[in-house]
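Structure at a glance
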Amino acid sequence: MHVHDALTTRRTVHHYREDAVPAEVIRRAVEAAILAPNHRMTQPWRFVLLGRTAREPLVARSAELRAGPPAPPEVIERIRGKIVGPPHCLVVGCVRSDDDFRMGEDRSAVACAIQNLSLSLHADGVASKWSTGAITRDPAAYAAAGLDPAEVEIMGFVWIGFADQVPEAPARKPLAEVFTERE
Ligand SMILES: Cc1cc2nc3c(=O)[nH]c(=O)nc-3n(C[C@H](O)[C@H](O)[C@H](O)COP(=O)(O)O)c2cc1C
């Protein structure tokens, strides 16, 4: 797929089929992610792929954050679908820096890596979604991923799978609102 076609047709997908994505497709996407630009070659990204078993403990906690405690059983079931429904969840982290400016640059580099990852998946016919809901910042997420919050900041979960439904492209502001030229 031409890079321009990939970036214009990629969508954030909310509903996935249950079947797994081939491991080599995910691996290729992570290889694409780590090609992202990063200042001083800090390579601040960390990736942890969570299977459904590793995600199970997040269900109760996410439901509690949403509607509890105690979360009603129907909320728990709805959240279970969201958390263990998609076949893959990639936790993406940024190694912490004591320097605020460096940390900002490193977060930017990780964002570039996530876009590379999404475009690589999309070129292989696989959908994704970057999410930053409360559960992604909760100690339960760090425990599930085996990440020490003092060392790594989770920048979100990237849900990965074959799309069940692809949404329409959300409208963008017209170029004239965001782009100017000066001689
Ligand atoms: C930092 C970041 C966090 C996001 N978090 C969420 C999220 O928690 N839930 C969600 O549905 N989408 C999330 N998104 C996806 C955006 O909603 C999506 O990119 C936007 O609606 C544009 O749609 P598109 O990606 O299909 O162009 C996030 C995107 C970014 C860059």
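Keep in mind that this is a model prediction, so the values were computed, not measured. (Residues numbered from 1 in each chain as written. Predicted model: local features only at pLDDT ≥ 70, side-chain atom pairs only at ≥ 80, totals over all residues. Heavy atoms only, no water.)

1. Side note on unusual backbone geometry
- Note the cis peptide between G68 and P69, where omega equals -5°.
- Within the fold, P69 resides in the loop between α3 (52–67) and α4 (73–84).
- Along the chain, P69 connects to P70 via a cis peptide bond; the corresponding omega equals -5°.
- Note on placement: P70 falls in the loop between α3 and α4.
- The backbone phi angle of M41 is positive, close to 50°, even though this residue is not glycine.
- Tracing the backbone shows M41 in the loop between α2 (23–33) and β2 (45–50).
- Even without being a glycine, Q43 presents a positive backbone phi close to 45°. (Helix = DSSP H or I, 4+ residues; strand = E, 2+ residues; numbered from the N terminus.)

2. Section: α2
- Residues of α2 that are buried: V25, I26, A29, A32 and A33. For α2, the angular spread of buried residues about the axis comes to 115°, placing them on one side. Away from its buried face by more than 90 degrees, α2 exposes A23, E24 and R27.
- Residues of α2 that are buried in the fold lie against β2, β3 (88–95), α5 (100–123) and β5 (152–161). (Buried < 20%, exposed > 50% of the residue type's maximum accessible area, 1.4 Å probe, protein only. Arc of directions from axis to C-beta. Contact = heavy atoms within 4.5 Å.)

3. Some points on the sheet that holds strand β4 (residues 127–131)
- Spatial ordering of the open sheet is given by β2-β3-β5-β4, a layout of four strands whose pairing is antiparallel. Lying at the two open borders of the sheet, with one neighbouring strand each, are β2 and β4. Ignoring strand direction, the axes of neighbouring strands in this sheet form an average angle of 25°.
- Bridge count between β2 and β3: six bridges; the pairing is antiparallel. Counterpart to F47 in the pairing with β3 is V92.
- In this fold α5 packs onto β2, β3, β4 and β5, with an angle of close to 155° to the strand it touches most, β3. (Pairing = 2+ DSSP bridges. Axes fitted to C-alpha atoms, helices over the stretch in contact; angles between N-to-C directions.)

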